[in-house]
Amino acid sequence: MIQQPQPTPTVPTAATTARLRAEATRTRLGGIVLLGLLILCCAALIVSAMSFDNRLRELRDADTDNQGWIVSQLEVDHQALIIAAGDALASAMENQGPPSDEAWRALNTEFDIFYSRVSVFAASMRNFDPSPQLEAWLARMVRTRTDLANQLDTMDPADIDALRSLGDGIRDKIPLVRLLTTQGLQFFVEKAENAREQEREIWRFFLTETLLLLTLIVAAALLSVRLNRALERRTAEAERAASTIVKAYEASLSAVIVTNLDGVVQLCNQTAERMFGIASDEIIGHDVSALLAPSRLHGAIASTYAEFARCIRNKRTCSLSRRTLALRACGDSFPVELAITNDVDPDGQPILICFIRDISAQVSAERALRGALDDARRAAAAKSMFLATMSHEMRTPLHGLIAALELMDKSGFDAENRTLFDTARDCSERALAQVNDVLHFTRATSTREAPTSFRPARVVADVVGELGPFAKDNNNMIELSVNGPGATQQVTGYPAAFSRALYNLVGNAVKFTVAGKITVRLDFTETTPDAPLTLKVSVQDEGPGIAEADQQRIFRMFETSAAQTGVAAGRSGLSGTGLGLPITKLAVETMGGEIHLESAPGQGSRFWFEVTLPRAVGLVDETAPPPRASIAPPSLPPTVAWNILVVDDNEVNLTLMMQMVRRLGHKTTPARNGREAADLARDTAFDVILMDVNMPVMNGCDATRLIRAEGASRHAVILGVTALMEAEDPDSFAEFGMDSALVKPVKPATLAQVLADIAQTITDDLPKTRTTQTQEAPRMDFPTATDTGFDLGALSALVGDDIARRLAIATLKDAGLALEAGRANDPNLGDLAHKAAGSASAIGWRKLGAALLEIETITHSDGLLAAQARLPALETLIAAAHADLPETLRQDMATAAQ
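These figures come from a predicted structure and were not determined experimentally. (Residues numbered from 1 in each chain as written. Predicted model: local features only at pLDDT ≥ 70, side-chain atom pairs only at ≥ 80, totals over all residues. Heavy atoms only, no water.)

S.K.: So what about the confidence of the model for the protein chain? Which residues, and what values?
M.R.: Here the protein chain shows a mean pLDDT of 76. Residues at 70 or above account for 76%. Between the elements of the protein chain, mean pLDDT differs from a low of 36, seen in strand S19 (residues 774-775), to a high of 94, seen in strand S14 (residues 643-647). Contacts from residues 619-639, a stretch scored under 50 in pLDDT, to residues over four places away or in other chains number 44 contacts. Every residue in residues 763-788 is under pLDDT 50, and counting partners more than four places away or in other chains gives 63 contacts. (pLDDT = per-residue confidence, 0-100. Helix = DSSP H or I, 4+ residues; strand = E, 2+ residues; numbered from the N terminus. Contact = heavy atoms within 4.5 Å.)

S.K.: Account for the environment of Asp 156, naming residues and giving values.
M.R.: Relative to the helices and strands, Asp 156 resides in the loop between helix H3 (132-154) and helix H4 (160-172). Along the sequence, Asp 156 and Pro 98 sit 58 residues apart, while their C-alpha atoms lie 8.1 Å from each other.

S.K.: Got a sec to walk through the sheet that holds strand S3 (residues 319-327)? Specific residues and values, please.
M.R.: The strand order S2-S1-S5-S4-S3 describes an open sheet built from five strands, whose pairing is antiparallel. The open sheet has two edge strands, strand S2 (265-268) and S3, and neither has a second partner. When the angles between neighbouring strand axes are averaged without regard to direction, this sheet yields 30°. Against the sheet, helix H9 (residues 298-313) contacts strand S1 (255-259), S3, strand S4 (333-344) and strand S5 (350-358), and its axis sits at roughly 15° relative to S4. (Pairing = 2+ DSSP bridges. Axes fitted to C-alpha atoms, helices over the stretch in contact; angles between N-to-C directions.)

S.K.: Explain the side chain of Asp 648 to me, using residue names and the numbers behind them.
M.R.: Mapped onto the elements of the fold, Asp 648 is located in the loop between S14 and helix H16 (651-663). Judged by its relative accessible area of 5%, Asp 648 is buried. A polar atom in the side chain of Asp 648 sits 2.8 Å from the backbone nitrogen of Asn 650. Ignoring any residue separated from it by four or fewer positions in sequence, one finds Asp 648 in contact with Asn 653, Leu 654, Ala 671, Arg 672, Asp 692, Met 695 and Lys 744. (Buried < 20%, exposed > 50% of the residue type's maximum accessible area, 1.4 Å probe, protein only. Polar contact = N/O pair within 3.5 Å; in protein donor to acceptor, adjacent residues only side chain to side chain.)

S.K.: I'd like to hear about the pattern of salt bridges, residue by residue, with values.
M.R.: On inspection of all chains with the given rule, the structure shows 19 salt bridges. For Asp 523, the salt bridge is made with Arg 521, and the minimal N-O distance between the two is 2.8 Å. Take Arg 521: its relative accessible area is 36%, and that puts it in the partly exposed class. Its salt-bridge partner being Arg 823, residue Glu 820 comes within 3.2 Å of it at the nearest N-O pair. Pair noted here: Glu 820 and Arg 823 are both in helix H21 (residues 801-823), with a separation of three residues, about one helical turn. Relative accessible area serves as the criterion here: at 43%, Arg 823 is assigned to the partly exposed category. (Salt bridge = Lys/Arg side-chain N within 4 Å of Asp/Glu carboxyl O.)

S.K.: A description of the nonpolar core should follow, citing residues and the corresponding values.
M.R.: With 39 residues, the main nonpolar core has Phe 498, Leu 502, Val 506, Val 520 and Phe 609 as its most contacted residues. Counting residues per element, the ones that place at least two in this core are helix H12 (456-473), helix H13 (495-512), strand S9 (517-525), strand S10 (533-540), helix H15 (580-590) and strand S12 (605-613). Of the residues forming this core, the biggest block, eight residues, is contributed by H13. Discounting residues that sit within four places of it in the chain, Leu 502 has contacts with Val 460, Val 463, Gly 507, Val 520, Val 537, Val 539 and Phe 609. Of all hydrophobic cores here, the second largest spans 36 residues; its members include Ala 85, Leu 138, Met 141 and Leu 148. (Core = buried A, V, L, I, M, F, W, Y, C linked by side-chain atoms within 4.5 Å.)

S.K.: Requested: an account of the sheet that holds strand S17 (residues 717-722), with residues and values cited.
M.R.: The strand order S15-S14-S16-S17-S18 describes an open sheet built from five strands, whose pairing is parallel. Of all the strands in the sheet, the pair left with one neighbour each is strand S15 (667-671) and strand S18 (740-743). In this sheet, neighbouring strand axes are inclined to one another by 20° on average, regardless of whether the strands run parallel or antiparallel. Bridge count for strand S16 (residues 688-692) against S17 is five bridges, and the pairing is parallel.

S.K.: How would you sum up the packing of H3 against H4? Please name residues and give values.
M.R.: Close contact between H3 and H4 brings their axes to 11 Å; oriented N to C, the two are set at 165°. Accordingly, the angle class assigned to the pair H3 and H4 is roughly antiparallel. The crossing of H3 and H4 is left-handed. Where H3 approaches H4, its residues Leu 148, Gln 151 and Leu 152 are matched on the opposing element by Ala 162, Ser 165, Leu 166, Gly 169 and Ile 170. Its residues assigned to classes, the contact of H3 with H4 comprises five nonpolar, three polar and no charged. (Parallel < 35°, antiparallel > 145°, perpendicular 65-115°, else oblique. Left-handed = near helix turned anticlockwise from the far one by under 90°. Nonpolar A, V, L, I, M, F, W, Y, C, P; charged D, E, K, R; others polar.)

S.K.: So what's going on with the pairing of S17? Which residues, and what values?
M.R.: Within S17, six of the six residues are buried, which leaves the element mostly enclosed by the surrounding structure. Residue alternation in S17 divides its side chains into two sets, Val 717, Leu 719 and Val 721 and Ile 718, Gly 720 and Thr 722, and both sets are buried. Since S16 and S17 lie parallel, the crossover through helix H18 (residues 700-709) that links them has a hand, and here it is right-handed. The pairing of S17 with S18 spans four bridges and is parallel. What sits directly across from Gly 720, in S18, is Ala 741. (Right-handed = clockwise from strand over helix to strand, strands pointing away.)

S.K.: Got a sec to walk through the packing of aromatic side chains? Specific residues and values, please.
M.R.: Here the structure, examined in full by the defined rule, presents two aromatic pairs. Judged by centre distance (6.0 Å) and plane angle (55°), the rings of Phe 276 and Phe 334 are tilted. Taken together, the residues span a long stretch of sequence, with Phe 276 in helix H6 (residues 270-276) and Phe 334 in strand S4 at a distance of 58 residues. The same class applies to Phe 276 as to Phe 334, namely buried. Directly above the aromatic system of Tyr 115 lies the positively charged group of Arg 145, at a separation of 3.7 Å from the ring centroid. Taking NZ or CZ as reference, Arg 328 lies 3.7 Å from the ring centre of Phe 334, over its face. (Phe/Tyr/Trp six-rings, centres within 6.5 Å; stacked < 30°, edge-to-face > 60°. Lys NZ or Arg CZ within 6 Å of the ring centre and 35° of its normal.)

S.K.: Give a description of a positive patch on the surface that names residues and reports values.
M.R.: The grouping of Arg 226, Arg 229, Arg 233 and Arg 234 at the surface amounts to a positive patch. Tracing the backbone shows Arg 234 in helix H5 (residues 174-251). In this structure Arg 234 comes out as exposed when scored by relative accessible area, which is 59%. (Patch = residues over 30% accessible without salt bridge, like charges linked within 9 Å, V, L, I, M, F, W, Y side chains within 5 Å. Areas by Shrake-Rupley, 256 points an atom, 1.4 Å probe, with all protein chains shown as cover. Lys, Arg positive; Asp, Glu negative; His and termini not counted. Charge placed at Lys NZ, Arg CZ, Asp CG, Glu CD.)

S.K.: How would you summarise the packing of H12 against H13 if you had to cite specific residues and measurements?
M.R.: Running from amino to carboxyl end, H12 crosses H13 at an angle of 30°, the nearest separation of the two axes being 10 Å. It follows that H12 is roughly parallel to H13 by the angle criterion. The interaxial crossing formed by H12 with H13 has right-handed handedness. Between H12 and H13, the contacting residues are Pro 456, Val 459, Val 460, Val 463, Glu 466, Leu 467, Phe 470 and Ala 471 on the first element and Phe 498, Ser 499, Leu 502, Tyr 503, Val 506, Gly 507 and Val 510 on the second. A class-by-class count of the residues in the contact of H12 with H13 yields 12 nonpolar, two polar and one charged.

Right under this line is the structure:
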């Protein structure tokens, strides 16, 4: 897809650099010329100002002289009129009649001059806005002139009295003429002075403006010089930048090719020559697609160039980035990363700039990375398969071992055998706890619990109650304190993580405290009635304490405190894997909290964390019973004799489970795979089905689906029995139709409690066609011991002598078949070892069972050849197991073999 980024500058060349230098030179000369013109302009301005001042002064003086002459000439003309009037009178008196023509013409001429002078004077005065008084005097003079003119025009030249009266009238105006003359001169002097003052103001203003203009011109000149210097620096920098870009362009690890819109190469760098193995002279001027691209890509390149042409026509800047293939001179294609953008060359013509990077190494690395990722995924899948197998194969023999020991009656043991029995019990419980710790940690790190509603106080009470008997074994007392508004409040969170964290913290406190007090405290706080609750949980013990140096380390996997290890080692069954606190830390972090520790050697330990829990609206149970501190052993209610189908592919586990069910007063029917179980359940209405999950022929999940689909037992209660870690979630097998799941090893007490719990819900639903007999549940002793070695007498006491002998022979026969399969390169070695491992561990041959389990694991993970390396050790253990048998039993086995 073509994008539209910012324009990319054209790749500079040597010609571009030369052009920049020429432009800089022209710009520098232009600046100098401009500065010279500015100086000439300043000089011309100064000369013009001086010439203007002189001419203005001359004009002002001429105007002043003219006005003064007009004013003064008024009085001169008036005196000349007086003289002319006197001459005319004298001539008339001399002639006793009209004056001479010359005297009369002189009188009229002088009067006309005086008349005109008055008019000019009046006009000139009115141009300068005279004062009101001077205006009145001037008007008076105009009226007098008019009267004299009228008198002269109507007068008889021979009338001497009239001539005398005219002369007297003219002479009477001497004061008015003189007043006008003096006042007019004074007026024009004042006007001239004002004009000169105005001229001075104008000149000063002109000088100020001129100086300001000169200052601006000088500043402009200085700025021009500075800009010119800056331009020179910029030009130098541009030259250096252009040179640097040219060098980078040539030294670039990417090939740079410049083409026109027709795809003809105009420019390329040295990297392009090296990358394609073609000299630049052979690249420039040729079509880029024909020269550097595989033929199958020519159409795509043509389309790309057409798209860029449309962008340029629309005056848009576009770019393209993609992975494609290029062609070397030798004809080999190789992967490249191509980036194209459009620009214009120095002449304004559109061009395309192509950046090409050889990514052959990167593509190879990506392929290797994808291969490594696939390997990692396969390894993760193998790990998950291994853990699932381990959970089944380790828990299955433990189930047989613990179940067998639970059913044993140790009342006839002497003191020495009772001690060995107790040791076996503690070791089996410890092994189971260690397996559970590993599986808990694996599940905590690989799965995410879905939020659901739960009651924290009830969960903690159940945990405390479950661990109460263990606390009593160490003479400890557990005190539970619930404070705040959350004792009966249900919240939304992660109940499994919460329970796991509390179980580990309280379990550790019970484990490492002797004859002390363990305080479990829940403090609920709230800000508003509808706001989430804040819960602070603390577990405080009086154990040995933890040194500060160990307080961070114990939260890491497989780490324990030295002091606590010593305390645990002193009591059977209390050592662990070092995973309890890491599991707790993960559980608390899942809830959004953080685990804290306060401890010192000899002063006990206090673990605490704080989490925020949203309320589960409408689920408050104000009638909930108060938290309890312990759980008593179950008292079994009256039940019925049910018909129970027991399904397991392991003969030992099948026999032991049937014995436990029979001792609870029920009837049993065996099935050794899922297909057999489905066939039996189709024809017979069983009340309960104990279904092993992992079996040959058909597994328990598929068998459950068939049973639920049809047959007489489709409404039976089906309980999954498995060592898989998923079985710890009772609903994990619900999708297959199972009602719940039991985790191996299943103890008689656990089985009795489960059957007692479901008795209340299914008794009324039993088929009417069958007769059920209500009876008291038989009294059973639930010993908590296990065994760690083979004891035919103990096994005979549990299942009978015949069955015990048959189980022992079958187990050794299965182990022998596994050994022979390994020697014969039989690919079924893993399955045969799996079958024999559970039986061997269940009846007490633990080392033999472990060796068979190891062979099974290696066969599935590393192959048959790797597993065959363990066959000598397996043969030795089989021989040792034969040696454990009584002589008569060994003879029977030899006879059967013959």
